[in-house]
Amino acid sequence: MKFYVPPQLKRLAIAFAVFIVLFLVLRKFLVPDSFGQYGHYRGDSLADNALPEIHYAGQQACLDCHQDIEDLKAKDVHARIHCETCHGPGQKHVLSGEASDILKPDSREFCGNCHGKNAAKKPGTIVQVQLSEHNTDKKCIECHNPHQPWEMKE
Amino acid sequence: MESSYPHLYEILSHIQGYIFPNEIDLQWGILIVVYPFITGLVAGAFILASLERVFKDKVLKPTYQIALLTALSFLLVATMPLISHLAQPQRAYEIMITPHSSSAMAIFGFVYLWYLMVVLLLEIWFDYRHSMVVWAEEKKGIMKWVYRILTLGLNDISPRTVSWDRKLGYIITVVGIPSAFILHGYVGFIFGSIKANPWWSTPLMPIIFLFSAMVSGIAMVMLIYMAVSYIRTRTLDVNVLDAIGKYLFFVLILDFTIEGLDQIHRIYVAEESFETIKLLVEGKLYLTLFISQGLIGTLIPLGVLAFLQFYKGKIKLRKTLYFITGIMVLIGVYSMRWNVVIGGQLFSKSFSGFTSFKVGLIGIDGTLMAIFWLLLPFGILTFLLWLLPPWKMVPEVEE
């Protein structure tokens, strides 16, 4: 017995075959050359990502010159906070060595970013200070050394 | 001090409480709200068309082709909000040529392709093939060739071949219903599978998305059927509206029940995220969740549709009520997409802070862009209705 195949199906089979072949041909041309070089991604994207200007130098760059500060920090509660958390991006300073190329924040508001009283923060983890009540006429760093907060200056 | 960190102070003005830095800006904006809305319309419109075909609901016949062409018009645009939201849209095709099985979005590309090529296009092709062959004979000039290309050069309209069009179309419809479920269920899965987000992470998400998709698709086809009748100055058959309204009513009840169950489950379980989600829905989502989605989009339409199940009086009043209900339901489903997409990004994973979202007007990620993608399908539908007018089709011969 001869198996009947409707003419529509024959025509559609050709259309789908053409589509699949076209897809494979296009794929051949469209897949980036460096795809799969290191993994399931375009290898050249690593070079692309390296292009943007670098702002942060990283903790090791700070330690190359300022090991003394690191030693101070290691003794107190700010030990795990990296330099650029407070001093801001440091690459410019690393390259030039100029003190003017890095931030040295000293305002009460700056310390308040972490230590200001905030009901949303978990109590007991980070010291919370009511800025409007605590020694309002002084800057925080007049008493606390930011690198060693509990080694009071007076 | 403020001069050193101007950007920081601007940012701090629109967050509340404690929030991680990468949560301040919403990564997914209004275009990601539009995307599940459009995809939902596709699945819903197709499912309405299938009801006519598989369950042989003769009353719905005038909406059958309109529903299919609506589904196609919206499906052709469905990926565009996603693509225009990308930072590198010109690389979007790479998701298809170098897919990775661990990427939910990459697999979605193939779910989409299956639905477009194997379900919608094939069903429409089988449905229109006979008519297109006849049109190719009748027309002259370029249109003759357009129809000839659309028939793939096959001009066999012997009764046997035409009856195979019907049989094959039926098979495609049967395959198409689960495909439509998968297409939109998958959109829900993409959100539901994000386990770090308690507002999204629920196995009910695909089902919730699916039912709201059916609600919005049915409402959209009803409105388009009304608009098409109006533009063609044909009398609108209120029996058709009653039939669509009945399906809309039942699906809306299911949608409301399932979403309600999801919320009851959330409230009773009250996981650690519950406090922050309670603040979210009572605060930033109050208008869009309770008023827009709940009241305007669900409760009032449910009441009106329930009323219309019994009320068979003034035809003009019924038509007006169906029209208004259709629009309200669409507003409700759009709000539901908003509540899921935007709501899920407003609270911090620390569960102790919120950010805020202000939608932009212009730009590639703005409101105008979203409106453009929402209006484009209507342009495509107008073209398709001109190219493939359901009212000029060769009438089916009863077997």
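Each residue is numbered by its place in its chain's sequence as written, counting from 1. As they are written, the chains are lettered A onward and the ligands numbered 1 onward, keeping that order. In view of the model being predicted, local features appear only for residues whose pLDDT reaches at least 70, and side-chain atom pairs are presented and counted only at 80 or more, with totals across whole chains, interfaces and linings using the full set of residues.

**Student:** In this structure, what is going on with the overall build of chain A? I would like to understand it.
**Tutor:** For the purposes of this entry, the term helix denotes a DSSP run of H or I that reaches at least four residues, the term strand denotes a run of E that reaches at least two, and both are numbered from the N terminus. Helices and strands together make up the secondary structure of chain A, namely seven helices and zero strands. With the radius of gyration taken over C-alpha atoms, the globule rule is written as 2.2 Å times the number of residues to the power 0.38. What you see for chain A is a C-alpha radius of gyration of 31 Å, clearly larger than the 15 Å of a compact globule of 154 residues, by over 25%. In chain A, which comprises 154 residues, the share counted as buried stands at 8%. For chain A, the share of sequence-separated contacts (at least 6 apart) that also reach a separation of at least 24 residues comes to 45%. With C-beta atoms placed from the backbone, a residue counts as buried when 20 or more other C-beta atoms lie within 10 Å of its own, as exposed when 12 or fewer do, and as partly exposed for counts between those limits. We call two residues in contact when the distance between their C-beta atoms, placed using the backbone, is within 7 Å.

**Student:** What exactly am I supposed to notice about the environment of Phe310(B) here?
**Tutor:** Mapped onto the elements, Phe310(B) comes out in helix α12 (residues 286-310). Phe310(B) sits in the exposed class, given 7 other C-beta atoms within 10 Å.

**Student:** What am I meant to see in the interface of chain A and chain B here?
**Tutor:** Quoted interface sizes are often the accessible area lost when the parts come together. Listed per partner, the contact involves 17 residues of chain A and 18 residues of chain B. Contributions of two or more residues to the side of chain A that touches chain B are made by α1 (7-30) and α6 (108-115) of chain A. Among the elements that line the side of chain A that touches chain B, the one with the most residues is α1(A), at six residues. Gly is placed with the polar residues, together with every amino acid not listed as nonpolar (Ala, Val, Leu, Ile, Met, Phe, Trp, Tyr, Cys and Pro) or charged (Asp, Glu, Lys and Arg). Its residues placed into classes, the side of chain A that touches chain B shows nine nonpolar, four polar and four charged.

**Student:** Is there a simple way to explain unusual backbone geometry in this structure?
**Tutor:** Both trends apply: most residues other than glycine have a negative phi, and most peptide bonds are in trans. Residue and element names in this part refer to chain B. In this structure, Thr233 takes a positive phi of about 45° despite not being glycine. Note that Thr233 resides in the loop between α9 (205-231) and α10 (238-269). Owing to 6 C-beta atoms within 10 Å, Thr233 belongs among the exposed residues under this scheme. For Ala270, which is not glycine, the phi dihedral falls at a positive 45°.

**Student:** How should I be thinking about the domain arrangement of chain A in this particular structure?
**Tutor:** Residue ranges for the domains originate in an automatic or database domain assignment. The domain boundaries assigned to chain A delineate domain 1 (7-50) and domain 2 (59-142). Put simply, the middle of domain 1 of chain A and the middle of domain 2 of chain A, counted by C-alpha atoms, are 51 Å apart.

**Student:** Just to check I follow, could you spell out helix α6 (residues 104-138) of chain B for this structure?
**Tutor:** One turn of the α-helix equals 3.6 residues, which is why residues spaced by three or four share an orientation. Each helix should span, by expectation, one fewer than its residue count multiplied by 1.5 Å. Over its 35 residues, α6(B) extends 47 Å from the first C-alpha to the last, a length consistent with the 51 Å expected when each residue adds 1.5 Å. Bending of α6(B) peaks at approximately 50° at the position of Tyr128(B). A residue's bend is the angle separating two fitted axes: one through the seven residues that end there, the other through the seven that start there.

**Student:** So what exactly am I meant to see when it comes to the nonpolar core here?
**Tutor:** Nonpolar side chains in soluble globular proteins tend to be buried together. Counting 100 residues, the largest nonpolar core has Val42(B), Ala45(B), Ala71(B), Val215(B), Ile218(B) and Val221(B) as its most contacted members. Contacts of Val215(B), omitting those with residues within four sequence positions, involve Gly44(B), Leu248(B), Val251(B), Leu252(B), Asp255(B), Val329(B) and Val333(B). We define a nonpolar core as a collection of buried residues of the types Ala, Val, Leu, Ile, Met, Phe, Trp, Tyr and Cys that are connected via C-beta atoms lying within 7 Å of each other.

**Student:** Teacher, can you tell me more about the environment of Leu285(B) here?
**Tutor:** All names here are of chain B. Within the secondary structure layout, Leu285 lies in the loop between α11 (274-282) and α12. By C-beta crowding, Leu285 is classed as buried, having 22 other C-beta atoms within 10 Å. In sequence terms Leu285 and Val340 are 55 residues apart; their C-alpha atoms lie 9.9 Å from each other. If sequence neighbours within four positions are ignored, Leu285 has contacts with Leu280, Asn339 and Gly343.

**Student:** Where do I start with the packing of helix α2 (residues 30-54) of chain B against helix α3 (residues 61-78) of chain B in this structure?
**Tutor:** When two helices pack together, their arrangement is given by the angle between their axes and by how far apart the axes lie. Residues and elements named next belong to chain B. α3 packs onto α2 with a crossing angle of 155° between their chain directions and a minimal axis gap of 8 Å. Considering their axes alone, α2 and α3 lie roughly antiparallel with respect to each other. The way α2 lies across α3 gives a crossing that is left-handed. For the pair formed by α2 and α3, the contact residues are Tyr35, Ile38, Thr39, Leu41, Val42, Ala45, Phe46, Leu48, Ala49, Glu52 and Arg53 on the first element and Lys61, Thr63, Tyr64, Ala67, Leu68, Thr70, Ala71, Phe74, Leu75, Val77 and Ala78 on the second. The residue makeup of the contact of α2 with α3, split by class, is 16 nonpolar, three polar and three charged. For every element, the axis is a line fit to its C-alpha atoms; helices are fit only across the contacting stretch, and the angle between N-to-C directions ranges from 0 to 180 degrees. With respect to orientation, any angle under 35 degrees is reported as roughly parallel, any angle over 145 as roughly antiparallel, any angle of 65 to 115 as roughly perpendicular, and every other angle as oblique. Two helices that cross are described as forming a left-handed crossing if the nearer one is turned anticlockwise from the farther one by less than a right angle, and a right-handed crossing if clockwise.

**Student:** Would you mind showing me how to read the packing of α2(B) against helix α8 (residues 159-192) of chain B here?
**Tutor:** Residue and element names in this part refer to chain B. At their nearest, the axes of α2 and α8 sit 9 Å apart, and the two run at 155° to each other. Accordingly, the angle class assigned to the pair α2 and α8 is roughly antiparallel. In this structure, the crossing between α2 and α8 has a hand that is left-handed. Judged by residue contacts, Pro36, Thr39, Gly40, Val42, Ala43, Phe46, Ile47, Ser50, Arg53 and Val54 of α2 engage Tyr170, Thr173, Val174, Gly176, Ile177, Ala180, Leu183, His184 and Val187 from α8. Across the contact of α2 with α8, the residue classes tally to twelve nonpolar, six polar and one charged.

**Student:** When you look at the confidence of the model for chain B in this model, what are you seeing that I'm missing?
**Tutor:** Close inspection of predicted coordinates is inappropriate in any region flagged by low pLDDT. All names here are of chain B. A score from 0 to 100, pLDDT tells how confident the predictor is in each residue. On average, chain B scores 91 in pLDDT, and the residues at 70 or more come to 98%. Predicted confidence in chain B is weakest over helix α1 (residues 6-12), with a mean pLDDT of 74, and strongest over helix α15 (residues 367-387), with 96. Predicted complex, confidence summary: ipTM 0.80, pTM 0.85.

**Student:** I tried to follow helix α3 (residues 59-74) of chain A on my own but got confused; where do I start?
**Tutor:** For α3(A), spanning 16 residues, the distance from its first C-alpha to its last is only 14 Å, which falls clearly below the expected 22 Å at 1.5 Å a residue. Along α3(A), the helix axis deviates most sharply at His66(A), where the bend reaches about 105°.

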